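Descriptive structure summary
The chain contents come next:
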Amino acid sequence: MSSLAIVDAFSDLPDTRRTAGLRHKQTLCLALFTLAVAAGNRGFLAIGNWLKSYHDPLLALFNPPKQCLPSYSTIRRVLLRTDEERFSQCLSHFFEIVPQPGETVATDGKVLKHSFMSETDNPYCQPHPAIMMVTGYVVERGLILPPYEVDQKTNEIKALPEMIEQLALKGVVFAFDAINTQKNSSAHC
């Protein structure tokens, strides 16, 4: 298999699949997923159609063992077993999404739609609150930073200082919405 930068971007992610019967490398599956989504494909069936449409050029580009590309269901299974935070970090590093001094990072917290489970009688899933994420947006370049998940027992106000601390940037201007302008929130930063 050829060594492409998009494939190498995911080389640090641990492959949690069992080794028996593996046909396709995790790095290839994640690279194909990334390219398919970047090409505008939403959903795994669309990714499958994209793989069929560009089969020969993708074979020539990636040169996989046995000249065989993974199916969309293989890519889906790999993605389900991948740590999304580490995947996001690999993408950010690959695309060099790091705010530079003098740039503005706008931050906002959002609750993921339909991420809560209020049913108490469902044997397949425990009830849980909605998932809240805090994200940063590099205004000058239109880039989204990896999202930061907010702990269930807290809120955006307490999670934002942790996100800023995690970024540990100097010379970057942060823009907040009204919820983060409370007088005690500046003590956390």
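Up top is the structure.
Before going into details, it helps to say that this report is about the structure given with it. (Residues numbered from 1 in each chain as written. Predicted model: local features only at pLDDT ≥ 70, side-chain atom pairs only at ≥ 80, totals over all residues. Heavy atoms only, no water.)

Another aspect to go through is the overall build of the protein. Tallying secondary structure elements over the protein gives seven helices and five strands in all. Each helix and strand of the protein, placed in order from N terminus to C terminus, yields the pattern α-α-α-α-α-α-β-β-β-β-α-β. The buried share of the protein, taken over its 189 residues, is 34%. A fraction of 60% describes how many contacts in the protein between residues 6 or more apart in sequence connect residues 24 or more apart. Approximately 12300 Å² of the protein is accessible, and the part contributed by carbon and sulfur atoms is 55%. (Helix = DSSP H or I, 4+ residues; strand = E, 2+ residues; numbered from the N terminus. Buried < 20%, exposed > 50% of the residue type's maximum accessible area, 1.4 Å probe, protein only. Contact = heavy atoms within 4.5 Å. Areas by Shrake-Rupley, 256 points an atom, 1.4 Å probe, with all protein chains shown as cover.)

With that out of the way, let us pick up the packing of aromatic side chains. For the coordinates displayed, the defined rule picks out five aromatic pairs. Seen from their ring centres, phenylalanine 10 and phenylalanine 87 are 5.2 Å apart, and the 10 degrees between their planes marks the pair as stacked. Highlighted residues: phenylalanine 10 in the loop between α1 (5-8) and α2 (26-38) and phenylalanine 87 in helix α6 (residues 84-94), separated in sequence by 77 residues. Residues phenylalanine 10 and phenylalanine 87 agree in their burial class; the two are buried. Pairing phenylalanine 94 with phenylalanine 95 gives two aromatic rings, centres 4.9 Å apart and planes at 75 degrees, and the pair type is edge-to-face. Relative accessible area serves as the criterion here: at 45%, phenylalanine 95 is assigned to the partly exposed category. Feature note: the residues Phe10, Phe33, Phe44 and Phe87 constitute an aromatic cluster, connected by ring pairs. (Phe/Tyr/Trp six-rings, centres within 6.5 Å; stacked < 30°, edge-to-face > 60°.)

All buried positions along helix α3 (residues 44-53) are accounted for by Ile47, Gly48, Trp50 and Leu51. Down the axis of α3, the sector holding all buried residues measures 160 degrees, keeping them to one side. Exposed side of α3, more than 90 degrees from the buried face: Leu45, Lys52 and Ser53 are the residues found there. Those residues of α3 hidden inside the fold are in contact with α2, α4 (55-62) and α5 (72-80). (Arc of directions from axis to C-beta.)

Let us look at the packing of α3 against α5. Relative orientation of the contacting elements α3 and α5 amounts to 130 degrees, with a least axis distance of 9 Å. As far as their axial angle goes, α5 and α3 are oblique. As α3 runs across α5, the sense of the crossing is right-handed. Along the contact surface, α3 presents Phe44, Leu45, Ile47, Gly48 and Leu51, while α5 presents Tyr72, Ile75, Arg76 and Leu79. Here the contact of α3 with α5 is built from residues that sort into seven nonpolar, one polar and one charged. (Axes fitted to C-alpha atoms, helices over the stretch in contact; angles between N-to-C directions. Parallel < 35°, antiparallel > 145°, perpendicular 65-115°, else oblique. Left-handed = near helix turned anticlockwise from the far one by under 90°. Nonpolar A, V, L, I, M, F, W, Y, C, P; charged D, E, K, R; others polar.)

Once that is clear, we can look at a negative patch on the surface. A cluster of acidic residues, Asp83, Glu84, Glu85 and Glu149, forms a negative patch on the protein surface. Following the sequence through the fold, glutamate 85 ends up in helix α6. A relative accessible area of 48% means that glutamate 85 is categorised as partly exposed. (Patch = residues over 30% accessible without salt bridge, like charges linked within 9 Å, V, L, I, M, F, W, Y side chains within 5 Å. Salt bridge = Lys/Arg side-chain N within 4 Å of Asp/Glu carboxyl O. Lys, Arg positive; Asp, Glu negative; His and termini not counted. Charge placed at Lys NZ, Arg CZ, Asp CG, Glu CD.)

Quick look at a nonpolar patch on the surface now. On the surface, a cluster of nonpolar side chains totalling about 280 Å² of accessible area is made up of Tyr137, Val139 and Ile144. Positionally, tyrosine 137 belongs in strand β2 (residues 132-138).

Our focus in this paragraph is the side chain of serine 92. Following the sequence through the fold, serine 92 ends up in helix α6. Under the relative-accessibility criterion, serine 92 is labelled buried at 9%. The contacts of serine 92, once residues within four sequence positions are left out, are Ile97 and Pro146.

With that settled, consider the packing of α2 against α5. Packing of α2 against α5 brings their axes to within 9 Å, and their N-to-C directions diverge by 105 degrees. Here α5 runs roughly perpendicular to α2, going by the angle between their axes. Where α2 approaches α5, its residues Gln26, Cys29, Leu30, Leu32 and Phe33 are matched on the opposing element by Thr74, Ile75, Val78 and Leu79. Across the contact of α2 with α5, the residue classes tally to seven nonpolar, two polar and no charged.

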